[in-house]
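The chain contents come next:
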Amino acid sequence: MKINRNTWKWTTLFLVLVLLLAACSQEEPTPSPALEEPAPAAEVQEEPTAPPAEAPEEAEPVAEAPEVSQPIYNWGEVADRLWVLVGYGEVANPVVVEEGLFITAVFSSVEPTVSGSSGCNNYFTGYESTNDGGLTISGPTGATMMACDEDTMNAEAAYLAALGTVTAWNLNEAGRLELTYDSGTGLEEKLVYSPGETPLTG
């Protein structure tokens, strides 16, 4: 069987085209992108956490400063007791009462009066006291009118004059009663009494 030359020509041409198309259709495989490793997640920087708040320490009690020793005044410890004079005059150089001279004071709590022996005679007068150490003794002082020797009379006059200028009282550490007075010398002066053997009542 004779093949038409035209047919052969077209067939050849057709095959060439088919081969060209086949060659063109075979694309070179494009390399798939390498699987990139996922970028490491950004490290989350943890903020430093503050340490748990500690419970506030209890404040230690502050030691109180010791109080300066002050005399404790209580007129009740003075009233209704027998007080016997043992010294008088300047605090720095007191005069000791001579043996045999008996001078006393009793401050009544019933009525504001003070009485006692002034050495020769008995006396009595009024007074006003406070628990903060204040004391005033009224005048003139009433007294009996007995006569004694000159030294005793002079001591009695000096004592009664001192009573009229008393401004303060105090119980010292030895339990003695001190009455501050002013005879005009410009120096601190006191009448110092020792407590009698037993308290007086009534």
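That block above? That's the structure.
In short, a report on the structure. All values reported here derive from a predicted model rather than from experimental measurement.

### Overview of the pattern of salt bridges
Line of reasoning, step 1. Per the counting criterion, the structure on display carries one salt bridge.
Line of reasoning, step 2. Linking Lys190 and Glu178 is a salt bridge whose minimum nitrogen-to-oxygen distance equals 3.0 Å. In this pair, Lys190 is assigned in strand S10 (residues 189–195) and Glu178 in strand S9 (residues 177–181), connecting sequence segments 12 residues apart. Of the two residues, Lys190 and Glu178, neither departs from the other in class, the shared state being buried.

### Overview of helix H2 (residues 150–163)
Line of reasoning, step 1. Taking 1.5 Å per residue, 14 residues should reach 20 Å; H2 reaches 20 Å between its end C-alpha atoms and fits that length.
Line of reasoning, step 2. Every buried residue of H2 is accounted for by Thr152, Glu156, Tyr159, Ala162 and Leu163. Axial view of H2: buried residues confined to an arc of 130°, hence all on one face.
Line of reasoning, step 3. Where H2 is buried, its residues contact strand S1 (83–90), strand S3 (104–107), strand S5 (122–129), strand S6 (135–137), S9 and S10.
Line of reasoning, step 4. The backbone nitrogen of Asp151 has a side-chain oxygen 3.2 Å away, supplied by the residue at the start of H2, namely Asp149.

### Section: the nonpolar core
Line of reasoning, step 1. One finds Phe107, Leu179, Leu191 and Tyr193 to be the most contacted residues of the largest nonpolar core, which totals 25 residues.
Line of reasoning, step 2. Broken down by secondary-structure element, the contributors of at least two residues to this core are S1, S3, S5, S6, H2, strand S8 (168–171), S9 and S10.
Line of reasoning, step 3. Here Tyr193 is in contact with Trp83, Val84, Leu85, Val86, Thr104, Ala105, Tyr159, Leu163, Arg176, Leu177 and Leu179, once residues within four sequence places are set aside.

### A few points about the environment of Lys190
Line of reasoning, step 1. According to the relative accessible area criterion, Lys190 is buried, its value standing at 17%.
Line of reasoning, step 2. Each C-alpha atom of the pair Lys190 and Val166 lies 8.6 Å from the other, and the pair is 24 residues apart in sequence.
Line of reasoning, step 3. With residues near it in sequence (within four places) discarded, Lys190 still touches Gly87, Tyr88, Gly89, Val91, Glu178, Leu179, Thr180 and Tyr181.
Line of reasoning, step 4. At 3.0 Å, the side chain of Lys190 forms a polar contact with the side chain of Glu178.

### With respect to the side chain of Asn121
Line of reasoning, step 1. Mapped onto the fold, Asn121 is located in the loop between strand S4 (113–117) and S5.
Line of reasoning, step 2. A distance of 3.3 Å separates the side chain of Asn121 from the backbone nitrogen of Met145, its partner in a polar contact.
Line of reasoning, step 3. Dropping the residues within four chain positions of it, Asn121 is found in contact with Gly116, Thr144, Met145, Met146 and Glu156.

### Let's talk about a nonpolar patch on the surface
Line of reasoning, step 1. Together, Trp10, Leu13, Val16, Leu17 and Leu20 make up a nonpolar patch on the protein surface, roughly 520 Å² of accessible area in all.
Line of reasoning, step 2. In this structure, Leu13 sits in helix H1 (residues 5–25).

### Digging into the environment of Phe102
Line of reasoning, step 1. Its place among the elements puts Phe102 in the loop between strand S2 (95–96) and S3.
Line of reasoning, step 2. For Phe102, a relative accessible area of 47% translates into the label partly exposed.
Line of reasoning, step 3. In sequence terms Phe102 and Glu156 are 54 residues apart; their C-alpha atoms lie 10.0 Å from each other.
Line of reasoning, step 4. Excluding anything up to four places from it in sequence, Phe102 contacts Val84, Ser117, Ser118 and Gly119.

### What to know about a negative patch on the surface
Line of reasoning, step 1. Where like charges cluster on the molecular surface, the negative patch consists of Glu98, Asp149, Glu150 and Asp151.
Line of reasoning, step 2. Structurally, Glu98 can be placed in the loop between S2 and S3.
Line of reasoning, step 3. Residue classification places Glu98 among the exposed residues on the basis of a relative accessible area of 61%.

### What about unusual backbone geometry?
Line of reasoning, step 1. Although it is not a glycine, Asp80 sits at a positive phi angle of roughly 65°.
Line of reasoning, step 2. In this fold, Asp80 is placed in the loop between H1 and S1.

The rules behind these values
Throughout, a residue's number is its position along its own chain's written sequence, starting from 1. Residue-level local features of this predicted model are given only where pLDDT is at least 70; pairs of side-chain atoms are given and counted only at 80 or more, and the full residue set underlies all totals for whole chains, interfaces and linings. Values shown for side chains rest on all heavy atoms present in the structure; no hydrogens or waters enter the calculation. Within this document, salt bridges are pairs made up of a side-chain nitrogen of Lys or Arg and a carboxyl oxygen of Asp or Glu, the two lying within 4 Å of each other. Secondary structure follows DSSP: runs of H or I at least 4 residues long count as helices, runs of E at least 2 residues long count as strands, and numbering of each begins at the N terminus. Between buried and exposed lies partly exposed: a residue is buried under 20% and exposed over 50% of the maximum accessible area for its type, with that area taken using a 1.4 Å probe on protein chains only. Between the first and last residue of a helix there are one fewer steps than residues, each counted as 1.5 Å, and that sum is the expected span. Arc, as used here, means the arc of the directions from the helix axis to the C-beta atoms. By definition in these notes, contact holds between two residues if any of their heavy atoms fall within 4.5 Å. Whenever a nitrogen or oxygen atom comes within 3.5 Å of another N or O atom, the pair is scored as a polar contact, on the condition that within protein one atom can donate a hydrogen and the other can accept it, and that pairs from neighbouring residues in sequence are kept only if both atoms are in side chains. In this description, a nonpolar core means a group of buried Ala, Val, Leu, Ile, Met, Phe, Trp, Tyr and Cys residues linked to one another through side-chain atoms lying within 4.5 Å. In this scheme, patches are assembled from residues that exceed 30% relative accessible area and form no salt bridge. Like charges are connected within 9 Å, while nonpolar side chains (Val, Leu, Ile, Met, Phe, Trp, Tyr) are connected within 5 Å. Here, Shrake-Rupley sampling with a 1.4 Å probe gives the accessible areas, and only protein chains in the shown set may cover a residue. Charge assignment in this entry is limited to Lys and Arg as positive and Asp and Glu as negative, and neither His nor the chain termini are counted. Taken as the charge location is NZ of Lys, CZ of Arg, CG of Asp or CD of Glu.

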